[in-house]
Every structure is written in structure tokens, then in C-alpha cells.
Amino acid sequence: MTNRILFMLMLIGGLTAPLFAYPVFVMDLLCFALFACAFNLLLGYAGLLSFGHAAFFGGAAYITGYVTKEWGFSPLLGILAGTGFTLVLGGIFGFLAIRRQGIYFAMVTLALAQIVYFLALQMPFTGGENGLQGIPRGELFGFIDLNHSLTMYYFVFTIFLIGFGIIYRTIHSPFGEVLQAIRENESRALSLGYDVERFKLLAFVISATLAGLAGATKAIVFQFAALTNAHWQTSGEVILMTLVGGLGTVFGPVVGAITVGALSHELSAFGSWVQVILGTIFVVCVMVFRRGIVGEVLRLVNRKKD
Amino acid sequence: MSIQVILAQALLGLNVGVFYAMLSLGLAVIFGLLNIINFAHGAMYMLGAFIALIGYSFLEKWLGVSIQIGFWASLVIVPLLVGLLGVLIERFLLRRLYELDHIYGLLLTFGITLILQGLFSNYFNVSGTPYPGQPESLSGVVNLGFMYFPTYRLFAIVVSLIVCFATWFFIEHTKLGSRLRAGVENPDLTQAFGLNVPLMVTLTFAFGAGLAGLAGVLAAPIYSVSPLMGADLIIVVFAVVVIGGMGSIMGAILSGLALGLIEGLTKVFYPPAASTVIFFLMVLVLLFRPAGLFGKEK
């Protein structure tokens, strides 16, 4: 019930957002919201902390940018190419990372993501520190011009809804239940006969692919694949968004992405102080606010019911 | 390619390797007792370098009194200061998280990293400030027979090696060290025997932090001091730790040294791969020996 109300609110909010906010800014938030939802699937529901999700977000952006710019792919095909790339990359990273558990898992993903970062910095087609610029927005299905910002906005919102729907279905499927069982007690899930490694790997691949979808979309929106998107700080940012909004809640990452995104936007005039403030929020969240915004709200709602 | 070039790069690699060793040693010691990976370890290394730099070049300007903390004094004072910060972090923040999933410790220290890095980025150039305080007695080069090598770098290598092996000896072969190992093995039982385990935990964290601070001071005259110097390093050190495994102190030291050496040699044979070679080695280790070279999975 609560989920249905929240979903309607999100839908109405998303549909009307361009009326009262700058569309490009909202599109940025939507990309990060999808990114955070994908990340939350892994940490919030499978209990796996990936510190390397920027590799998927940033990596997909480069691939999408390259195929649309150099090979003349349509925007939809370009996004699919970028997303497909992270599907494969997620498979490789996941295969390697699930060999280690807990804290090691985080370190392995971080180190693997650093390979992608250095490749993005050094390879000839990526534009080095300047990033890949001049990506065309193109036309959807050959006749819908995405250079118009409202058209682009509803295109992005549709992608967001599709990604969000996939994650919602995954969480509320038998597969999602098993993931949560693994999160709660891995040995018990194993002894019940579940192939724990395969579940973890599949969760990792889904999460990586949708993170890639978000990154690929962002590249089309901004017509730019930035090196910072592949940097470890972006991996940290998506963790923060998920944490602020509410780990392991369906809508938490969306709320978190909007909160952190809006905050960084408002504070952008303060330069490096933004980092100090984000770091402080990180510490505060970990110390006293581990349920996050949505988590706290749900707790209050449930308490009233009792 | 001459043998001199290769030897020179190997020594320079060893120079990087001792920093890897000191940092991964600190991480391993902390992980052993606290089960926490300290993401802020890189930031503490950066902090160590900055305290040395500030003490030498800026304190006089900021305070308006004639005071300058030289290199030798920094070598002692800085690890203590960084260690003190470690005490504060452990007592007031980390201690409250021990009951929870270990990833919260990682997230907390990540937040601390952002704070420290952001603070220094406000006041100092991101591209780096040179540390001018290298003592006169350590300038110049020494003749090693087969090549000339900067005296200071040799000094840094020797000091780091001494510190690393002293730490190993202390933990593996002294009475106090054996208590520490008992705390790692079984904290509750150790506490029941009347040893103050919480104090041990605090001091261990402080020691690890101090080690990072010391590495920072030693690095300051070699690399330019920058707010980002720690972050870039710590991710490599994480890979070193994954490769070596955190099961043994000696494992952390040896893998740090070896990987620094390999990175140095990669600079000779295939420079573009120098920044990623350690990560690729990590992939190989994960494929063929997932628990790490010296590791026992915890």
C-alpha cells in the first residue's frame, strides 16, 4: 500500500517536474536515481558492497558516446550498446569479485574499477582528462528529435521507469527473496540448497547493467562522457545517495539521489567544501542515521499502524 | 636496454614498494584486531605529509612567531599527531560500530577521507606543493657501485624497512605482541584473562594511523605534497592487500615490497601499464589463488 502511494507520487512528480524545474537538472537527477537504485539492489538486497560501480556508470557513457558519435548509431541503439557493454563487464567483475567476501569484495571491486578508470584516461578514443565530447543526441526512432529538451526529458523519464520497474520486479520476485536470504544468512541459504554464488553473480550483473543504463543515458543527455563519472568518488557518491535515502528500501535511492544531487547543486559555489559537507553527511549517516530518510519514514508509518 | 637502467628502476620501484609495505602493514594490523578496513589510511598518509609541510613552511607565517619544525622533528612528531587523530576516531566513532556489519566501518572511514581531502583541497593546490625541508645531510647521491642513487631515497627505503621489520618482530616475537595476537584470536577470552582489550584496540588503530603518518613524512620530500596523494595510493594498497592476503604481517610487508618492485620494472618494459599492472596481478591472484598469496580467509 505504502509502495503504491509512493509510486504514484513519484510518477506525478516525474511527469510534472519540467514545469517547475530545469529539465536538464532533473534528467541528471533521474540518471543518478536509476544508478542508485541499481546499486541498492546489490547492497540493500544482496548485502554486497561494491565500491566500483562508477566503472559501469562511467564505462557505459564512453561506449554509448563513441558508437553514437563515431559510428552514427541512433541514441536508442547507442544506449543499448553501452548497457550491453556493462552487462559483459559486470559479468567479468562479478565473476572475479564474488570469489572474495565481505570487506575484500569492496576492495576488489574498487581495484577493478580503477583499471577502467585508467583505461578511460589512457585510451586514444576517450579524450583523456577532457572526456568524450560532442556526442549527438540524435533522433529517436528516426523521427523524434531529442535535441528538444522536453522530448529528451520524457525519453529519460521513460528509461528511468523501465529501469526502476526491472529493479522492483527483481526485488519482489522469488529471486529477490533468495537474495535477501543470502544477505541475512549466507550459510543457511547455502545449506537450503541455493547456489549462493550464482545468485550473487546474477544480482551483480543486473545491478551493473542498470548502472550502465543510467550512465549511457547520462552521456546522451549531456552529450558528454566525463572522466569523473568513472572515478572512485562517483562510486562513493552513489553509496552516499543510497545511504541517505534508505538502504534496502525501494524508493530510498530515488529520494537519496534527489537529496544529494540537489545539495551538491546548491552548494556548488563553495568548491571543495562540498566534499567536506558530503563527507560529514556520510559520517552522520553511518553513525546515527543508518535507516536513511525513507527507512525512518517507513518506521514511523509502521509504528502508527501498530 | 642496459642493466643499469633496469637496476635503477628496480630501486625506484623498491622505493615505492616500501610505502606500499608500510601502508598495507598498517591496514593488516588494524584489520587483524578490529576487522575493519580503514579507508582513511590514505588520507592519514596525506595528512602526515601535510603536517610536515605545514610545520616547515607555513607555521611561521600562520602563527606570526618564528617557529619551524624541521624534518627530523617531523619524523617523530607527525606519527604521534596522526596517531592521536586515530585515537579520537577509534574512541568516538569506530567503537560504536563494532556490533554492526563491517562495511559500516569502511563507509565511516570513507566519509572521513572525503572530509580530510576536502579540507586540504581548500587551502592547498591539488597539483601539489614541494616540501623543501629535506635535510642537508641527506641531499646528493650515493655511489652504490653499479649506479648513483639519491641519498634521501636510500634513507627512506632503509628507515621504512627497519620500521616494517621492527613491527613484525614486535608482534611475532615479544610478550606484548603475543597478547596482541591473543586479542586477535579471541577478544572475549583475552579480556577474561584480565587484559584490557579495548585499550589494545585503540592503541592498535593509533599505531596503524601513526605508521601511515610516518610514511607521509618520508614521502613528502620525494613526491610533491597534494591533497589527493593518499587517495590514489590507497586503492593500489587495497589491491596489494587483496594479493597478499591480510593473514600475516610478513605477507603484507613482502607483497608490498614485491609489487612496488614489479611496478618499477613495468615502467621500464611497458610504461603504459605501470599504473595498472598491480590491478591485473590482483585479477590473476583472484583467479588462481582467491584467498591471496599469504592469506587465510577470515
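Residues numbered from 1 in each chain as written. Chains lettered and ligands numbered in written order. Predicted model: local features only at pLDDT ≥ 70, side-chain atom pairs only at ≥ 80, totals over all residues. Heavy atoms only, no water.

Visitor: Could you give me a rundown of the overall build of chain B, with the residues and numbers involved?
Guide: Counting its regular elements, chain B contains 11 helices and two strands. Overall, chain B shows an N-to-C arrangement of helices and strands of α-α-α-α-β-β-α-α-α-α-α-α-α. Relative to its length of 298 residues, chain B is compact, with a C-alpha radius of gyration of 19 Å against a globular reference of 19 Å. Taking all 298 residues of chain B together, 55% fall into the buried category. A separation of at least 24 residues holds for 79% of the contacts in chain B among residues at least 6 apart in sequence. Roughly 12,400 Å² of accessible area belongs to chain B as shown, and the carbon and sulfur atoms make up 68% of that amount. Across chain B, the mean location of the 12 positive side-chain charges is 5 Å away from that of the 11 negative side-chain charges. (Helix = DSSP H or I, 4+ residues; strand = E, 2+ residues; numbered from the N terminus. Rg over C-alpha atoms; globule rule 2.2 N^0.38 Å. Buried < 20%, exposed > 50% of the residue type's maximum accessible area, 1.4 Å probe, protein only. Contact = heavy atoms within 4.5 Å. Areas by Shrake-Rupley, 256 points an atom, 1.4 Å probe, with all protein chains shown as cover. Lys, Arg positive; Asp, Glu negative; His and termini not counted. Charge placed at Lys NZ, Arg CZ, Asp CG, Glu CD.)

Visitor: Hey, could you go over the interface of chain A and chain B for me, with residue numbers and the actual values?
Guide: Taken together, the 37 residues of chain A in the interface contact 47 residues of chain B. Regarding the contact of chain A and chain B, the summed buried area is about 4,000 Å², with carbon and sulfur atoms giving 78% of it. In this structure, the connection of chain A to chain B is made through zero salt bridges. If you look at where chain A meets chain B, you find six residue pairs in polar contact (both at pLDDT 80 or more). Within the residue set of the side of chain A that touches chain B, elements represented by two or more residues are helix H4 (75-97), helix H5 (102-122), helix H10 (232-245) and helix H12 (273-288) of chain A. (Buried area = accessible area lost by both parts, 1.4 Å probe. Salt bridge = Lys/Arg side-chain N within 4 Å of Asp/Glu carboxyl O. Polar contact = N/O pair within 3.5 Å; in protein donor to acceptor, adjacent residues only side chain to side chain.)

Visitor: Which residues make up helix H1 (residues 3-34) of chain B, and what values do they have?
Guide: All names here are of chain B. Compared with an ideal rise of 1.5 Å per residue, which puts 32 residues at 46 Å, H1 spans 45 Å between its outermost C-alpha atoms and is within 8% of the ideal. Burial of H1 is extensive: 23 of the 32 residues sit out of reach of the surface. Within two residues after H1, Asn35 carries a phi angle of roughly 60°, on the positive side. (Expected span 1.5 Å × (residues − 1).)

Visitor: Tell me about the confidence of the model for chain B, residues and numbers included.
Guide: Interpretation of this model should avoid reading the predicted coordinates in detail wherever pLDDT is low. Summarising the model, chain B shows a mean pLDDT of 89, and 99% of its residues fall at 70 or more. No element of chain B has a lower mean pLDDT than strand S1 (residues 141-143) of chain B, at 84, and none a higher one than helix H3 (residues 71-92) of chain B, at 94. (pLDDT = per-residue confidence, 0-100.)

Visitor: Please provide a residue-by-residue account of the nonpolar core, values included.
Guide: Formed by 211 residues in total, the largest nonpolar core has its most connected members in Leu49 and Phe51 of chain A together with Leu218 of chain B. With 18 residues, helix H2 (residues 23-46) of chain A is the largest single contributor of residues to this core. Residues within four places of Leu218 of chain B in sequence aside, it is in contact with Phe19, Met22, Phe71, Leu75, Tyr152, Phe155, Ala156, Val159 and Ser160 of chain B. (Core = buried A, V, L, I, M, F, W, Y, C linked by side-chain atoms within 4.5 Å.)

Visitor: Could you give an account of the packing of aromatic side chains, naming the residues involved and the relevant values?
Guide: Two measures describe an aromatic ring pair: the distance that separates the ring centres and the angle between the ring planes. Residue and element names in this part refer to chain B. Following the criterion strictly, the structure yields 40 aromatic pairs over all chains and no others. With centroids separated by 5.7 Å and ring planes inclined at 75°, the aromatic side chains of Phe71 and Tyr152 adopt a geometry described as edge-to-face. Taken together, the positions of Phe71 in helix H3 and Tyr152 in helix H5 (residues 151-173) put the pair 81 residues apart, joining distant regions of the chain. Under the relative-accessibility criterion, Phe71 is labelled buried at 3%. (Phe/Tyr/Trp six-rings, centres within 6.5 Å; stacked < 30°, edge-to-face > 60°.)

Visitor: Explain the side chain of Ser160 of chain B to me, and be specific about the residues and the numbers.
Guide: Residue and element names in this part refer to chain B. Within the secondary structure, Ser160 sits in helix H5. In this structure the side chain of Ser160 is engaged in a polar contact, spanning 2.6 Å, whose partner is the backbone oxygen of Ala156. Discounting chain neighbours no more than four positions away, the residues touching Ser160 are Val18, Met22 and Leu218.

Visitor: I'd like to hear about the pattern of salt bridges, residue by residue, with values.
Guide: Residue and element names in this part refer to chain A. By the definition in use, this model includes five salt bridges over all chains. Linking Glu184 and Arg183 is a salt bridge whose minimum nitrogen-to-oxygen distance equals 3.0 Å. Using a relative accessible area of 58% as the deciding quantity, one classes Glu184 as exposed. Ionic pairing is found between Glu186 and Lys200, a salt bridge with its closest N-O pair at 3.1 Å. With Glu186 in helix H8 (residues 186-191) and Lys200 in helix H9 (residues 196-222), this residue pair connects regions lying 14 residues apart in the sequence.

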